[in-house]
Amino acid sequence: MKRRRASGWIARGVLVAVAAFAVVPVLWTLLNAFKNRVDIVTPVPLLFFTPTLDNFRYVLGRASVEAGLLNSIAISGASVLIGAILGLPTAYAVARSPRKWADDLQFFVLSLRFLPPVAIAIPLMVIWLDLGLYDTRLSMIVTYTLLTLSTIVWLAVPAFKRVPREVEEAAIVDGYGPYAIFFLIALPLAGRSLIGAIAFSFVLVWNEFLIALMLTTSDAKTLPIVASELTQLGRDVPWGILNASVILLSLPPLLFIGILSGFLNTVVTKKL
Amino acid sequence: MKIRISLPAAFVTPTVLVLGVLAFVPTIFAVNIALENRDLSHDDSHYVWLANFVSLFSDRRFVNSIGVSFVWEVLTVTTTIAASVLLAILMFEATSPRIRNILSLLFIMPVLLPRVSAAFVWKFAFHPLFGLATYPYKAIFGQSIDLLANPSTALATVALVDTWQWALFFSVIVLKLLESLPPQPFEAAKLDHAKTWEIYAYVALPMLRAPLISLTFVKMIESLRSFDLIYVMTRGGPGITTETLDMYAFSQGFIEAGNISYASSMAVLMMIGTTVAFTILWKRVRG
């Protein structure tokens, strides 16, 4: 029994170390975002310093960051909205259709994820250039709809499958039509999981980098592109500003951490 | 008279049309561009058919990038799966449900970060002079170390960031899977005086075979998206030691030559390779 307890403490020690490994780099970035440059460029990392808001003030005051933020919100928001409006009904129909058929459609949706982003971005660049839509929000929204729509369908099918059929059968007896059942019964019942699926697709496009890098040059640049440009600055690297911009870029996805971990619970415990 | 459209038709057709157009039109264009000699700086172009593909195979950088991509794929998939299973078992064995929930939240955080952010956070942590991760080495040995500029450590260092994001996330999933298992087989094995590792190796993990294979499959697909990390952390360097296929295609098409036909021919090969490989894998896994 004694050996058991010792190994338990070792395991807990390892887990504490891993938890530190998970969090410390990000916390350190957060800390650096409040430092003056002299406090970052030190031979020994500084834990105590006089905090400053200059970095955030500078980043938020920059026109490029503001434009990137607006583009990211507009592009991610619109593509997620379109993905949800088209994808949720599809997922419902697939969940209620014969298995073979549903499997094929699920595989088609998943296979879109096999396509390397470069392989999509190169031809799309040519297509948008030919159409005169290159570097516009519209072309980015259409492109990202491919990502959001396929992801939402993929994740929402299992969510609708978990809605008990008996409830829908009872609704038919009560005189509900198929569309009424979808809007009034299935949608609200699967609601929590569906919000998780939608949040996931939002994080996916908010974080997307390669396609945005190739399909935008100035007008429609999203926030990840603007942030990466800041990280490529020359010699006198403004480290504090970089840290601040990375923190700002990472905040929206982290806001969803609660929803997504709840979503993970329902997906793993009832499916897979 | 009211026209009635059946629900499956009304709900599925628009999505299939949109996805079909958005997926197939670019694919056809990609093949078409790959057969031409398009250039970003010139307007005129004509068909050169398979010339791009032929020159790819005598291109040493292309062959190198296949090797780098392959090493990257194997390295990140194996470390992610191994580390996540190990961490999940540790959590399952040694912590109370409340601690588990806290750890789960912390472990999900890295994967939610934009890869650009993750790449920057670690690029700075590995900074030879001011980095937090390189500080202990500097303090002990009195000299700085630059892991990202060293050809023999650069790829592994970037892979560490990928593992940081995915292994921690997967460990939460594997933990939930372990929690969903029925307790009887565990108790039976304990009555037979099985050691802890034996319970997992011979009882628990075989019961989780199917979901673990699915996780491996998902990670294999996600590992193909290494571009953001490599672009921010090393740009394919030092030299070409971390230049994966997508990084090389990007630099051919956009940084160096503007030769998008050549880049597109690489993209087409990648597309064929991954689609064939993953379709076969998926069908085999799903039986």
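Quick look at the structure, then. (Residues numbered from 1 in each chain as written. Chains lettered and ligands numbered in written order. Predicted model: local features only at pLDDT ≥ 70, side-chain atom pairs only at ≥ 80, totals over all residues.)

Quick notes on the overall build of chain A
Thinking step 1. A count of helices and strands for chain A gives 13 helices and zero strands.
Thinking step 2. Each helix and strand of chain A, ordered N terminal to C terminal, gives the series α-α-α-α-α-α-α-α-α-α-α-α-α.
Thinking step 3. Radius of gyration (C-alpha) of chain A: 23 Å, far over the 19 Å computed for a compact globule of 272 residues.
Thinking step 4. Seen along its three principal axes, the alpha-carbon backbone of chain A occupies a region of about 75 × 75 × 30 Å.
Thinking step 5. For chain A, the proportion of its 272 residues judged to be buried stands at 45%.
Thinking step 6. Intrachain contacts of chain A at a sequence separation of at least 6 include 81% that bridge at least 24 residues. (Helix = DSSP H or I, 4+ residues; strand = E, 2+ residues; numbered from the N terminus. Rg over C-alpha atoms; globule rule 2.2 N^0.38 Å. Buried ≥ 20, exposed ≤ 12 C-beta atoms within 10 Å, placed from the backbone. Contact = placed C-beta atoms within 7 Å.)

With respect to the nonpolar core
Thinking step 1. Counting 160 residues, the largest nonpolar core has Ala119(A), Ala121(A), Ile122(A), Ala156(A) and Ala267(B) as its most contacted members.
Thinking step 2. It is helix 7 (residues 154-180) of chain B that provides the largest number of residues to this core, a total of 17 residues.
Thinking step 3. Not counting residues up to four positions away in its chain, the partners in contact with Ile122(A) are Ala30(B), Ile33(B), Gly253(B), Ile260(B), Ala263(B), Ser264(B) and Ala267(B). (Core = buried A, V, L, I, M, F, W, Y, C linked by C-beta atoms within 7 Å.)

A word on the interface of chain A and chain B
A common way to state how big an interface is: give the accessible area lost once the parts meet.
Thinking step 1. Tallying the contact residues gives 71 residues for chain A and 71 residues for chain B.
Thinking step 2. Broken down by element, the side of chain A that touches chain B gets its largest block of residues, 13 residues, from helix 1 (residues 2-32) of chain A.
Thinking step 3. In terms of residue class, the side of chain A that touches chain B is built from 53 nonpolar, 16 polar and two charged. (Nonpolar A, V, L, I, M, F, W, Y, C, P; charged D, E, K, R; others polar.)

A few points about the packing of helix 7 (residues 137-161) of chain A against helix 1 (residues 7-34) of chain B
Each pair of packed helices can be described by the angle between their axes along with the distance between the axes.
Thinking step 1. Axis separation between helix 7 of chain A and helix 1 of chain B bottoms out at 10 Å; the angle between their running directions is 135°. Considered as vectors, helix 7 of chain A and helix 1 of chain B are oriented oblique to each other. As helix 7 of chain A runs across helix 1 of chain B, the sense of the crossing is left-handed. Of the residues in helix 1 of chain B, those touching helix 7 of chain A at Thr145(A), Leu146(A), Leu149(A), Ser150(A) and Val153(A) are Thr15(B), Val18(B), Leu19(B), Leu22(B) and Ala23(B).
Thinking step 2. Across the contact of helix 7 of chain A with helix 1 of chain B, the residue classes tally to seven nonpolar, three polar and no charged. (Axes fitted to C-alpha atoms, helices over the stretch in contact; angles between N-to-C directions. Parallel < 35°, antiparallel > 145°, perpendicular 65-115°, else oblique. Left-handed = near helix turned anticlockwise from the far one by under 90°.)

Considerations on unusual backbone geometry
Thinking step 1. Cis geometry is adopted by the peptide bond preceding Pro238(B), which originates at Gly237(B) and carries an omega value of -5°.
Thinking step 2. Summarising the element assignment, Pro238(B) is placed in the loop between helix 11 (227-233) and helix 12 (245-255).
Thinking step 3. A positive phi is found at Asp135(A), a non-glycine position, where the angle reads about 65°.
Thinking step 4. With respect to the element layout, Asp135(A) can be found in the loop between helix 6 (117-131) and helix 7.
Thinking step 5. Assessed through the 16 C-beta atoms surrounding it within 10 Å, Asp135(A) is described here as partly exposed.

By themselves, these observations are geometric and do not establish any function.
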